[in-house]
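Here are the chains, one letter per residue:
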Amino acid sequence: MNQRIEKFARESGAWNQVYGNRMFMIDEHFDIAKFAELIVQECAGKVDWILAEGGKTQGDLIKQHFGLEP
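Here the structure is a predicted model, which is why all the values come from computation and not from measurement.

Caption draft 1: Region of interest: the pattern of salt bridges. Under the defined criterion, the tally for this structure stands at four salt bridges. The salt bridge partner of Asp48 is Lys63, with a shortest N-O separation of 4.0 Å. Of this pair, Asp48 sits in the loop between helix 2 (32-46) and helix 3 (58-65) while Lys63 sits in helix 3, and the two are 15 residues apart along the sequence. Overall, the relative accessible area of 29% leaves Asp48 in the partly exposed class. Residue Lys63 is classed as buried on the basis of its relative accessible area of 11%.

Caption draft 2: A look at the nonpolar core. If you look at the biggest cluster of nonpolar residues, it comprises six residues: Phe8, Ala9, Ala14, Phe30, Phe35 and Leu38. Counting residues per element, the ones that place at least two in this core are helix 1 (3-11) and helix 2.

Caption draft 3: Structural context of the packing of aromatic side chains. One pass over the structure, following the stated rule, counts one aromatic pair. Between Phe30 and Phe35, the ring centres sit 5.7 Å apart and the planes meet at 55 degrees, which makes this aromatic pair tilted. Residue classification places Phe35 among the buried positions, given a relative accessible area of 17%.

Caption draft 4: Inspection of helix 3 at higher detail. Among the residues of helix 3, those classed as buried are Gly59, Asp60 and Lys63. Projected down its long axis, helix 3 carries its buried residues within an arc of 100 degrees, all on one side. Tucked into the core, helix 3 has its buried residues touching helix 2. Immediately downstream of helix 3, the backbone of Gly67 shows phi near 80 degrees, a positive value.

Caption draft 5: Representation of the packing of helix 2 against helix 3. At a minimum axis distance of 7 Å, the contact between helix 2 and helix 3 shows a crossing angle of 160 degrees. By the angle between their axes, helix 2 is roughly antiparallel relative to helix 3. In this structure, the crossing between helix 2 and helix 3 has a hand that is right-handed. Residue-level contacts link Val40, Gln41 and Ala44 of helix 2 to Gly59, Ile62 and Lys63 of helix 3.

Caption draft 6: Fine view of helix 1. Regarding helix 1, the residues found buried are Glu6, Phe8 and Ala9. Mapping the buried residues of helix 1 onto a view down its axis gives an arc of 165 degrees, with all of them on the same face. Residue Gly13 follows helix 1 closely and has a positive phi angle near 105 degrees.

What counts and what doesn't
- Residues numbered from 1 in each chain as written.
- Predicted model: local features only at pLDDT ≥ 70, side-chain atom pairs only at ≥ 80, totals over all residues.
- Heavy atoms only, no water.
- Salt bridge = Lys/Arg side-chain N within 4 Å of Asp/Glu carboxyl O.
- Helix = DSSP H or I, 4+ residues; strand = E, 2+ residues; numbered from the N terminus.
- Buried < 20%, exposed > 50% of the residue type's maximum accessible area, 1.4 Å probe, protein only.
- Core = buried A, V, L, I, M, F, W, Y, C linked by side-chain atoms within 4.5 Å.
- Phe/Tyr/Trp six-rings, centres within 6.5 Å; stacked < 30°, edge-to-face > 60°.
- Arc of directions from axis to C-beta.
- Contact = heavy atoms within 4.5 Å.
- Axes fitted to C-alpha atoms, helices over the stretch in contact; angles between N-to-C directions.
- Parallel < 35°, antiparallel > 145°, perpendicular 65-115°, else oblique.
- Left-handed = near helix turned anticlockwise from the far one by under 90°.

Laid out in structure tokens, this is it:
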């Protein structure tokens, strides 16, 4: 699994299984909305330098598309 995705999963409440197989366990503490938001923010950050119409960046448009106002 990508290290960034692992980090986002942990930040969202998933916990790493202790048996060393790097599987994540998800329970009632996992915040799927936060997990998705972290991924969107990461992707938008990669294109924030590309200007779009109206003075916004492509990253702003991605965040806006997913309801995360820049």
